[in-house]
Amino acid sequence: MKTARLKLVGGLLGVSLLAGCGAPPLERVEWKVVPTGIAKADLTDVAFADADHGLVVGSKSTILSTEDGGKTWKAGTLKLATGARFLSVSLNGTEGWISGEPKVLLHSVDSGKTWTGINLDRRLPGSPLFVTALSTGTAEVVLNSGLVIKTTDGGKNWRVMTPASAGGIRSAQRLADGSYWVVSLRGGSYLHWVPGEPQWTNYERSSSRRIQSMGFGDANNGWMINQGGEMQFTSDGGKSWTPGASVILNGIGLLDAAYSDGGKKLWVSGGNGTLLLSEDNGKSWKSAVLDGVKTNLLNVYFFQDKGFVTGQNGILLKHPPT
């Protein structure tokens, strides 16, 4: 495994720190709580096949479906162990895939109406952490052991894509070129793999704080969340990162982020109902007003002109609110 050190962009980033009660509120309501009928499960991921049809997954084998662009959601039923925690969902046309723990992988060919359990080879270490539906019968899965595997026949057979494991990982993202960025389990480093390369490239963290998660809006622009509400940014595909800056100083951690409006806006979610917006790549922030939402917001997702935030206790937010 190759090891590389992060190169920092010279100069301190001018970030507006959000102390005490947080950032200035947004001038208008941009998000609303969508009823899910789920109160005791964490909602962990969202995916849409088109403007109308989407799925939300979560703990306790939870699957929610929508046929009206996310205005209303209906809970499905699966005969799985109650302890199954779905972590990732991906759709491509009528094909759907769900991954989770302990070692759960599901496949649908009818837009999520029915699901088939996929049995992975017991010799493959770890559980499915992240899944991407690519085309009919074709999907890639990242195991939390740091291996990427691929099927082209609906899950009957799998091929290991990465020549070596990245080690235990906590998050993963696939870019359009087929490359992957992953964060190590303990948050001490992050790794990158491009198809055809003989090994993962390992990057040591530059901050004293461990990495919580990271992601990219495109091949060049990305974000990194460190423990304690600290963030870093890259504009050159991860070759260099801004110095870590504390976005929020009230002790609430940040968990996930996503770009919208073609990368012009960055939304960041966190604990205790925290949802922040930056329109200048992290230099200043505003806070979304979420009346009555005090639970942790786990995931931010955008598809076309719609955004969704999932959280604990069945919380689901929609943008725009109409």
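Please refer to the structure placed before this passage.
Here we summarise the structure given alongside this text. (Residues numbered from 1 in each chain as written. Predicted model: local features only at pLDDT ≥ 70, side-chain atom pairs only at ≥ 80, totals over all residues. Heavy atoms only, no water.)

Our next topic: the nonpolar core. Ranked by internal contacts, the top residues of the largest apolar core, which has 15 residues, are Trp31, Trp267, Leu275, Leu290, Leu297 and Leu317. Of all the secondary structure elements, the ones that give two or more residues to this core are strand E27 (275-278) and strand E29 (297-303). Examining the composition of this core, we find that 3 residues originate from one element, E29, more than from any other. Ignoring anything within four residues of it in the chain, the contact list for Leu297 reads Leu255, Ser269, Gly270, Gly273, Thr274, Leu275, Leu290, Val309, Thr310, Gly311, Ile315 and Leu317. Counting 14 residues, the second-largest nonpolar core is a separate cluster that includes Trp223, Ile225, Phe233 and Leu254. (Core = buried A, V, L, I, M, F, W, Y, C linked by side-chain atoms within 4.5 Å. Buried < 20%, exposed > 50% of the residue type's maximum accessible area, 1.4 Å probe, protein only. Helix = DSSP H or I, 4+ residues; strand = E, 2+ residues; numbered from the N terminus. Contact = heavy atoms within 4.5 Å.)

So, about the packing of aromatic side chains. For the structure shown, the criterion picks out 15 aromatic pairs. With centroids separated by 6.1 Å and ring planes inclined at 85 degrees, the aromatic side chains of Phe48 and Trp73 adopt a geometry described as edge-to-face. Remark: Trp73 occurs in the loop between strand E6 (63-66) and strand E7 (74-75) and Phe48 occurs in strand E4 (residues 43-48); sequence separation between them is 25 residues. Residue class for Trp73 comes out buried when judged on its relative accessible area of 10%. Taking 6.2 Å as the distance between ring centres and 75 degrees as the angle between the ring planes, the aromatic pair formed by Phe216 and Trp241 counts as edge-to-face. Pair noted here: Phe216 is in strand E20 (residues 211-216) and Trp241 is in strand E23 (residues 240-241), with a separation of 25 residues, a long-range link. Grouping residues by exposure puts Phe216 and Trp241 together as buried. Following the ring pairs from residue to residue traces out a cluster consisting of Phe48, Trp73, Tyr301, Phe303 and Phe308. (Phe/Tyr/Trp six-rings, centres within 6.5 Å; stacked < 30°, edge-to-face > 60°.)

Turning our eyes to something else, we now look at the sheet that holds strand E8 (residues 85-92). Taking strand neighbours across the sheet as the criterion, the 4 strands line up as E8-E9-E10-E11 in an open arrangement whose pairing is antiparallel. Each end of this open sheet is capped by a strand with a single partner; those strands are E8 and strand E11 (116-117). Looking at chain direction, strand E10 (residues 104-108) and E11 are connected through 2 bridges and run antiparallel. Along E11, the bridge assignment pairs His107 with Thr116. (Pairing = 2+ DSSP bridges.)

This paragraph deals with the side chain of His192. Looking at where His192 falls in the secondary structure, it is placed in strand E18 (residues 189-193). When neighbours within four sequence positions are excluded, His192 is seen to be in contact with Ser179, Tyr180, Trp181, Trp200, Thr201 and Tyr203.

The next subject is the side chain of Thr234. Checked against the element boundaries, Thr234 lands in strand E22 (residues 230-234). Within the structure, the side chain of Thr234 is placed 2.8 Å from the side chain of Asp236, a separation counted as a polar contact. Setting aside residues no more than four positions away along its own chain, Thr234 makes contact with Phe216, Asn220, Asn221, Gly222, Lys239, Ser240 and Trp241. (Polar contact = N/O pair within 3.5 Å; in protein donor to acceptor, adjacent residues only side chain to side chain.)

Right, let's talk about the pairing of strand E30 (residues 306-311) for a bit. When you tally the buried positions in E30, you get 6 out of 6 residues, the bulk of the element. Burial along E30 is two-sided: Lys306, Phe308 and Thr310 facing one way and Gly307, Val309 and Gly311 facing the other are all buried. By the bridge criterion, 6 bridges tie E29 to E30 in an arrangement that is antiparallel. Bridge pairing in E30 links Asn299 to Thr310. The hairpin turn running from E29 into E30, its antiparallel successor, is 2 residues long, and Gln304 in that turn takes a positive phi close to 55 degrees. Where E30 and strand E31 (residues 316-319) come together, 4 bridges link them in antiparallel fashion.

Let us look at the pattern of salt bridges. Any two side chains of opposite charge can pair, so long as their charged atoms come close to each other. Taken as a whole, this structure holds 7 salt bridges when the rule is applied. Linking Asp261 and Lys265 is a salt bridge whose minimum nitrogen-to-oxygen distance equals 3.6 Å. Put simply, Lys306 and Asp305 hold a salt bridge, and the shortest N to O gap is 4.0 Å. Taking relative accessible area as the criterion, Lys306 reaches 11% and is therefore assigned buried. Note on Asp305: relative accessible area 56%, which makes it exposed. (Salt bridge = Lys/Arg side-chain N within 4 Å of Asp/Glu carboxyl O.)

This part covers the environment of Thr132. Along the chain, Thr132 falls in strand E12 (residues 128-135). Overall, Thr132 belongs to the buried group, its relative accessible area being 14%. Separated by 90 residues in sequence, Thr132 and Gly222 have C-alpha atoms that sit 19 Å apart.

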